[in-house]
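Reading the structure
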Amino acid sequence: MDLLTPLETICRLIIRARELEAQVPSIENDDELDPTDSDDEFAVLEDEANEAIEEEMVALLDDLGDDQLQELLALAWVGRGTYDATEWTDALEAAADADSEDPVEQLLDMPTLAAYLDAGLAAFDLNCEGIGQID
């Protein structure tokens, strides 16, 4: 299978989606924290949602053509198991359905987008090994 979307772009999206998925929202009310609570030592692990990462993902997706967005959506569906790799054409046709929700919104609404895209690539014997490293 030849991708319309550069593998580097897909891998960058996977990296950013992983970063976004890994973030834990901070606790809203600090007054509820018990300073003697032993979990307090792990508070450093909490991280507020980084809007810059989400904005970068949106910009990355907005820069793609409709056919590339449909390809990403179909790839995520294959990775999720909605379609099998042998049903690639069907997945692309479903992603091109004009009556469906905006592909960018569909992709961003997937809670484990990185895993879906990664599994979708693996279904076609592709991977991000050595590609898309963050400087």
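Everything in this summary refers to the structure shown in the same document.

What counts, and where the lines are drawn
- Counting from 1, residues in each chain are numbered in the order their sequence is written.
- Where totals are concerned, whole chains, interfaces and linings use all residues; where local detail is concerned, this predicted model gives features only for residues with pLDDT of at least 70, and gives and counts side-chain atom pairs only at 80 or more.
- In computing side-chain properties, one takes all heavy atoms of the structure into account and sets aside hydrogens as well as water.
- Helix numbers and strand numbers start at the N terminus; a helix is a DSSP run of H or I with at least 4 residues, a strand a run of E with at least 2.
- Here a polar contact means two N or O atoms within 3.5 Å. Within protein one must be a hydrogen donor candidate and the other an acceptor candidate, and residues neighboring in sequence count only if both atoms are side-chain atoms.
- One side-chain nitrogen of Lys or Arg within 4 Å of one carboxyl oxygen of Asp or Glu is enough to make a salt bridge.
- When accessible area is computed with a 1.4 Å probe and restricted to protein chains, residues below 20% of their type maximum are described as buried, those above 50% as exposed, and intermediate ones as partly exposed.
- Put simply, a disulfide is two cysteine sulfurs that come within 2.5 Å.

Our focus in this paragraph is the side chain of R16. Tracing the sequence through the fold places R16 in helix α1 (residues 7–22). A polar contact is formed between the side chain of R16 and the side chain of E19, at a distance of 2.6 Å.

With that settled, consider the pattern of salt bridges. The full count for this structure, using the stated rule, is four salt bridges. A salt bridge links E56 to R12, with the nearest nitrogen and oxygen atoms 3.1 Å apart. Taken together, the residues span a long stretch of sequence, with E56 in helix α2 (residues 51–62) and R12 in helix α1 at a distance of 44 residues. In this structure R12 comes out as partly exposed when scored by relative accessible area, which is 28%. Close ionic contact of E56 with R16 constitutes a salt bridge, the shortest N to O distance being 2.9 Å. Of this pair, E56 sits in helix α2 while R16 sits in helix α1, placing them 40 residues apart in sequence. Given the relative accessible area of 26%, E56 is considered partly exposed. By relative accessible area, which is 12% here, R16 ends up buried.

Quick look at the state of the cysteines now. Summed over all chains, the structure comprises one disulfide. Between C11 and C128 runs a disulfide, and the two sulfur atoms are separated by 2.1 Å. Looking along the S-S bond of the C11-C128 disulfide, the torsion reads about -95 degrees, which is the left-handed sense. Here C128 lies in the segment after α6 (113–123) and C11 lies in helix α1, a separation of 117 residues in the sequence. Classification of C11 as buried rests on a relative accessible area of 1%. Overall, C128 belongs to the buried group, its relative accessible area being 16%.

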